[in-house]
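# Chain and residue survey
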Amino acid sequence: MTVEAVRLAVDRVRSRLREDARTRNGKLFAAITALAVFAPVMFSPYRLEIVMQLLIVILAVASWVFVAGYFGMFTFAHAALYGVGGYAAVILAAEMGVHPLASILLGGVVAGLFSLPISYPVLRLSGAYVGMVTLAYAEIIYYGTIILRDVTGGPTGYTGFPQLFGGDRVVMYYFVLALVVALMLAMYALLVNRFGLVARAIRESSDAAQMLGNNVPRYKLTGFLVGSSIAGVAGALQAYNILIISPPMLEIDQMIEFMAMGIIGGLRTFGGAVFGGIIVFGFSEVLRDIGELRLVVWGALLIVVTLYFPDGIAGSSFDVRKRFQEWFDR
Amino acid sequence: MSLVELDAVDAGYGENQVLHDLTLSIQPGRVNCIIGPNGSGKSTTLKAVCGLVDVWDGTIRVRGDDVTNAHPRDVVERGVVMLPQGGNVFPEMTVKENLRIGAFLVDDRDVLERRYREVYEMFPVLEEKKRQRAGELSGGQQMMVAFGRALMPDPEILLLDEPSAGLAPDLVDDVFDQVERLKERGRDMIIIEQNVRRVLDVAEYVYVLDQGERMYEGETEALRDEDEIMRMYIGERHG
Amino acid sequence: MVSLGLLAQQIVNGLFFGGQLALIAIGLTLIWGVARVLNFSHGAMFMVGGYVGFFALGFTGSVAAAILASIVVVFALGWVTEFALLEPMRDREEFDIASMVVTLGLAIFLENAILVGVGSRRRAFPALTEEVWRVAGLTISVQRFVIFLISVFALAALFLVISRTKLGLAIRAVSQDDQTALLMGVRPRRVYAITLGCSAALAGLAGVLLAPLFTVYPSVGWYPFLLAFVVVMVGGLGSVRGTLIAAMGLAIVRSVSTIWVAAESAMVLLFAIMIAVLLINPDGIGGWIDG
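Residues numbered from 1 in each chain as written. Chains lettered and ligands numbered in written order. Predicted model: local features only at pLDDT ≥ 70, side-chain atom pairs only at ≥ 80, totals over all residues. Heavy atoms only, no water.

### Remarks on the overall build of chain C
Operational definition: Secondary structure elements follow DSSP: runs of H or I no shorter than four residues count as helices, runs of E no shorter than two count as strands, and numbering proceeds from the N terminus. Both definitions apply: the radius of gyration is a C-alpha atom measure, and the globule rule equals 2.2 Å times residues to the power 0.38. Summary of the burial criterion: residues with accessible area below 20% of their type's maximum are buried, those above 50% are exposed, and those between are partly exposed, where the area comes from a 1.4 Å probe applied to protein chains only. Calculation of accessible area relied on Shrake-Rupley with a 1.4 Å probe; when residues are assessed, cover is drawn exclusively from the protein chains displayed. Lys and Arg are tallied as positive, Asp and Glu as negative. Neither His nor the chain termini are counted. A charge is said to be at NZ when it belongs to Lys, at CZ for Arg, at CG for Asp and at CD for Glu.
Within chain C, the secondary structure is distributed over 13 helices and two strands. At 19 Å, chain C has a C-alpha radius of gyration in line with the 19 Å of a compact globule built from 291 residues. Each principal axis of the C-alpha atoms in chain C carries an extent, and together these give about 60 × 50 × 35 Å. Taken over 291 residues, chain C has a buried fraction of 58%. Accessible area of chain C: about 11,100 Å², with a carbon and sulfur share of 67%. Counting 16 positive and 14 negative side-chain charges, chain C places the averaged centre of each group 9 Å from the other.

What follows is the structure, given as structure tokens:
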């Protein structure tokens, strides 16, 4: 890759950003980011921690949308790899004296490594079969964290690892915000360039993409690896944020949550993760008082969105008149 | 009364209109064929009759009963049975089960037995292989299963959707032999074919379709005098 | 060294467990084979069956009535699921994934609706009998034996329906080629709904039959679902015979392996077997024996 090519890619990102910033979603994102920047001033420490969790979840969901939405590799292993990143980071920091900041990066690397064994079947299979094989792998990792109690702390989880920035929550908040925004931008940059184009081509028809001269397995592997590594980074951040990592963090319930957020937000639009994260996660925080009823709402929301808004909230028009018109045209 | 009647039918898939104001009246007691270039709507016409394609406007009747946009089952009940392109036998079922499902709407045991006998009499090889899975048979035998299955409900009229499409030349001969035998037994048919020469040898009445509109209809013999139609749709390339 | 007696005991336990597993898994493989739906709400149907049975038993005091009520209610649930949730999406290109997501949504919905409605308390389901037989040094729980017999009976009934009846003919036709079946006068939509109903009813039956062993609580369905899921994958999605073999085989593997390792490790073993089978042949055991 030459300097010239990099410059072209950057130009492309810049012009796409300018375009996208003018859309409904773009304006909303700008507002949300601005809000996020001032969050430490506006919210109580407790609330700030929730916002931080939300940011990290958005990153995790976005990395799943990157794999599942753009490439069509409907993986169930994402939450497990998110958990692997978390475990790897805090264990490296606590047991081997790795600097916490470096351990976050290493969490991503380890998650990427853990995605490799399952990438072969994921690349070979298609459609629902990808979901099945990754679900099995996720369960293996989940049970692994329980079985390997000497390393992971077993069912009760792993605690007592060093804190980020000596426990300064505000500095940590800005660090999380910056890292989340940077990684989101990195994925965005990949998606608006040739990489994203090929990804969508693969989703529509893997054979056609191959015939057009693209090395489909290499693209899919790269996509899977990048998405999984970013999930690992998100998991590492989350572990440092909530100061514990335990098996429930990578249980299938967690995966279903990520999925619900991605799908409700919209699998065809990268910003869907932001909407999905805010709506589902924010909703469950606001509705904490009504307890389990919020999960009833989620389940119903997942059904309604899949049935009537297959492109999710980010990808759908809410022009009421237009929807009515479509209704009658049917 | 017409056996099958299309009255000013518009039909198509999604946004794509294929049939334009098509009117056809199929009279009982003869073998009909519909010919026309690719994309002229021949297949869509059959599918519209069978309830497989949305009819946007107009009416389809079978012996006077309105079956526009009816469920395919209602059309089968009225004795209109389609043999899909390629036959599409159920490969995992035995030959006999394939025949049984052909007469899915028949429940009377005696009637069923009689129909089996008629089909086995026409295709003795099917009786020999009745317990074999249809998918294990040769191409020619599978075609017999498909014909037998379509005859099981003893249809008033059989719709054949390009029966010779994609078949090896000797199988094409087989298909037209079967069609000939059905004709001898007085079975009404509507045949859609690319193989115009062959189908004109069997058919007594011809409809010519182009871009979803009817360009010509008449006795096969009369068609031979229509130089313009012959040149445009039958073409020298066939002769 | 493991004593032969323990080994034999674990094999017998595995056999009984295999019967239970087959009962849960067969419905899962059936709807994939016929309707191409990987039903993530299968475990929730199992759970609903358990609750219906629990309340029906409390109301009528009759185990037979409880079983019947579970079958009927969960059949209806499956039927409604097809018409309300799956049918509207059937023409979509990515139906296999969309149906997975929708049934996942349904599972979350049902589980938590029950949680909100009746609480998370585990409901103890009375044992059919506490009696135990001792045969040739083996301990055989009569309850498990009865459950095994009912499972075998239910599966045999299902096979008879599929292979001998007109309905079964229609089901097989639709699973092979729904468009051609339509031309024979079959109504595929109704066949899908009946199949989903039957599959759900089997899960419901399993839910009430196994209630004395599992007790009844809102998330009780997940573990059996995951096990059934592995069985179905190893057996080959859509293959009834493959699923039966896999259910028996995996149940015995799991049961025997627990002599040496913890239950969690046994699960890891099962999932590893599943991935290996998917890699070697995505059609599983069914791909070898049916083809």
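Here the narrative resumes, following the displayed structure.
### A few points about a nonpolar patch on the surface
So the rule is basically this: Exposure above 30% relative accessible area and no salt bridge define the residues that can form patches, which grow by joining like charges within 9 Å and nonpolar side chains of Val, Leu, Ile, Met, Phe, Trp and Tyr within 5 Å. When a carboxyl oxygen of Asp or Glu is within 4 Å of a side-chain nitrogen of Lys or Arg, the pair counts as a salt bridge.
Residues Leu35, Val37, Phe38, Val41, Met42, Phe43, Val170 and Tyr174 of chain A make up a contiguous nonpolar surface patch of roughly 740 Å² in combined accessible area. Inspection of the secondary structure puts Val37 of chain A in helix H2 (residues 24–37).

### Re the nonpolar core
Stated formally: Here, the term nonpolar core denotes a set of buried Ala, Val, Leu, Ile, Met, Phe, Trp, Tyr and Cys residues that are joined through side-chain atoms within 4.5 Å. An automatic or database domain assignment supplies the start and end points of every domain. Whether two residues touch is decided by their heavy atoms; if any such pair falls within 4.5 Å, the residues are in contact.
Within the largest apolar cluster, 245 residues are counted, with the highest numbers of intra-cluster contacts made by Phe74 and Met132 of chain A together with Met274 of chain C. For this core, the leading source of residues is helix H4 (residues 45–70) of chain A, giving 19 residues. Formed jointly, this core draws a minimum of three residues from each of two domains, domain 1 (1–79 + 157–239) and domain 2 (86–154) of chain B. Here Phe74 of chain A is in contact with Trp64, Ala68, Val130, Gly131, Thr134, Met259, Ile263 and Leu267 of chain A together with Ile97, Met100 and Val101 of chain C, once residues within four sequence places are set aside.

### Some points on the packing of helix H10 (residues 194–204) of chain A against helix H12 (residues 216–242) of chain A
All names here are of chain A. The test is simple: Fitting a line to C-alpha atoms yields each axis, with helices limited to the stretch in contact; the angle taken between N-to-C directions then spans 0 to 180 degrees. Here the angle decides the label: under 35 degrees means roughly parallel, over 145 means roughly antiparallel, 65 to 115 means roughly perpendicular, and every other value means oblique. Gly is put with the polar residues, along with every residue not named as nonpolar or charged; the nonpolar set is Ala, Val, Leu, Ile, Met, Phe, Trp, Tyr, Cys and Pro, and the charged set is Asp, Glu, Lys and Arg.
Running from amino to carboxyl end, H10 crosses H12 at an angle of 110°, the nearest separation of the two axes being 10 Å. Taken as axis vectors, H10 and H12 run roughly perpendicular relative to one another. Residues Arg194, Phe195, Val198 and Ile202 of H10 form the contact with H12, whose participating residues are Val216, Tyr219, Lys220, Thr222 and Gly223. The residue makeup of the contact of H10 with H12, split by class, is five nonpolar, two polar and two charged.

### A look at the interface of chain B and chain C
The condition that has to hold: In short, buried area is how much 1.4 Å probe accessible area vanishes from two parts on joining, totalled over both.
Every contact between the two is made by 22 residues of chain B and, on the other side, 19 residues of chain C. Across the chain B/chain C interface, buried area totals approximately 1,900 Å², and carbon plus sulfur atoms make up 66% of it. Per-residue buried area on chain B facing chain C is highest for Arg73, Phe90 and Phe104 of chain B; these three make up 30% of the total on that side. Remark: the boundary between chain B and chain C carries two salt bridges. One salt bridge in this structure joins Arg172 of chain C and Glu97 of chain B, with 3.0 Å as the shortest N-O distance. Only helix H2 (72–77) and helix H3 (95–102) of chain B provide two or more residues apiece to the side of chain B that touches chain C. Top element by residues in the side of chain B that touches chain C is H3 of chain B. It accounts for four residues. For the side of chain B that touches chain C, the residue count by class is twelve nonpolar, three polar and seven charged.

### Notes on the interface of chain C and chain A
We apply this condition: We call two N or O atoms a polar contact when they sit within 3.5 Å, provided that within protein one can donate a hydrogen and the other can accept it, with sequence-adjacent residues counted only if both atoms are side-chain atoms.
In this complex, chain C contributes 42 residues to the contact, which on the side of chain A involves 37 residues. Across the chain C to chain A interface the summed buried area is about 3,500 Å²; carbon plus sulfur atoms make up 83%. The largest per-residue losses of area from chain C upon contact with chain A belong to Val101, Ile275 and Leu279 of chain C, which jointly make up 15% of the total buried on that side. For the interface between chain C and chain A, the tally reads one salt bridge. When the shortest N-O distance is used, the salt bridge between Arg268 of chain A and Glu94 of chain C registers 2.9 Å. Where chain C meets chain A, there are five residue pairs in polar contact (both at pLDDT 80 or more).

### Digging into the packing of aromatic side chains
All names here are of chain C. As a reminder, the rule being used: In this scheme Phe, Tyr and Trp rings, the latter by its six-membered ring, pair at centre separations within 6.5 Å, and the angle between planes marks the pair as stacked below 30 degrees, edge-to-face above 60, and tilted otherwise.
Inspection of every chain in the model, using the stated rule, returns 29 aromatic pairs over all chains. A ring pair is formed by Phe40 and Phe225, whose centres lie 5.2 Å apart and whose planes are at 50°; its orientation type is tilted. One end of the pair, Phe40, is in the loop between helix H1 (4–35) and helix H2 (42–60); the other, Phe225, is in helix H10 (residues 222–235), and 185 residues separate them in sequence. What makes Phe225 buried here is its relative accessible area of 1%. Aromatic side chains Phe54 and Phe55 sit 5.3 Å apart centroid to centroid with 75° between the ring planes, which places their arrangement in the edge-to-face category.

### What about the pattern of salt bridges?
For side chains of opposite charge, pairing can occur when their charged atoms come near one another. Under the counting rule described, the total for this entry stands at 21 salt bridges over all chains. In this structure, the salt-bridge partner of Arg133 of chain B is Glu136 of chain B, at a minimum N-O distance of 3.8 Å. On the basis of relative accessible area, Glu136 of chain B is assigned to the exposed category, the value being 52%. The network of salt bridges with common partners includes Glu4, Arg7, Asp11 and Arg14 of chain A.

### Quick word on the sheet that holds strand E4 (residues 55–62) of chain B
All names here are of chain B. Basically, it comes down to this: DSSP bridges decide pairing: two strands pair if at least two such bridges lie between them.
As summarised here, the arrangement of the four strands in space is E2-E1-E4-E5, forming an open sheet in which the pairing is antiparallel. Single-partner strands in this sheet number two, and they are strand E2 (16–26) and strand E5 (65–66). With two bridges connecting them, E4 and E5 associate as antiparallel partners. The partner of Arg61 across the bridge, within E5, is Asp66. The strands touched by helix H1 (residues 42–50) within the sheet are strand E1 (4–13), E2 and E4, with E2 carrying the most contacts at an inclination of about 75°.

### A word on the confidence of the model for chain A
Our working definition: Note: pLDDT gives the predictor's confidence per residue, expressed from 0 to 100.
In this model, chain A carries an average pLDDT of 85, and 94% of its residues clear a pLDDT of 70 or more. By mean pLDDT, the top-scoring element of chain A is helix H5 (residues 78–96) of chain A (94), and the lowest-scoring one is helix H16 (residues 320–329) of chain A (52).

### Some remarks on the side chain of Asp10 of chain B
Residue and element names in this part refer to chain B. Turning to its location among the elements, Asp10 is positioned in strand E1. The charged side chain of Asp10 is buried without a salt bridge, its nearest counter-charge being Arg214 at 13 Å. Among the polar contacts listed, one links the side chain of Asp10 to the side chain of Gln17, at a separation of 3.5 Å. For Asp10, the side chain forms a polar contact with the main-chain nitrogen of Asp21, separated by 2.6 Å. Setting aside anything within four residues of it in sequence, one finds Asp10 in contact with Gln17, Leu19, His20, Asp21, Val55, Trp56 and Asp57.

### Observations concerning unusual backbone geometry
Negative phi values dominate among residues other than glycine, just as trans dominates among peptide bonds. Residue and element names in this part refer to chain B. One non-glycine residue, Arg63, lies in the positive phi region at around 45°. Residue classification places Arg63 among the partly exposed residues on the basis of a relative accessible area of 39%. At Asp154, a position not held by glycine, the phi torsion is positive, near 50°. Note on placement: Asp154 falls in the loop between helix H6 (139–151) and strand E7 (157–161).

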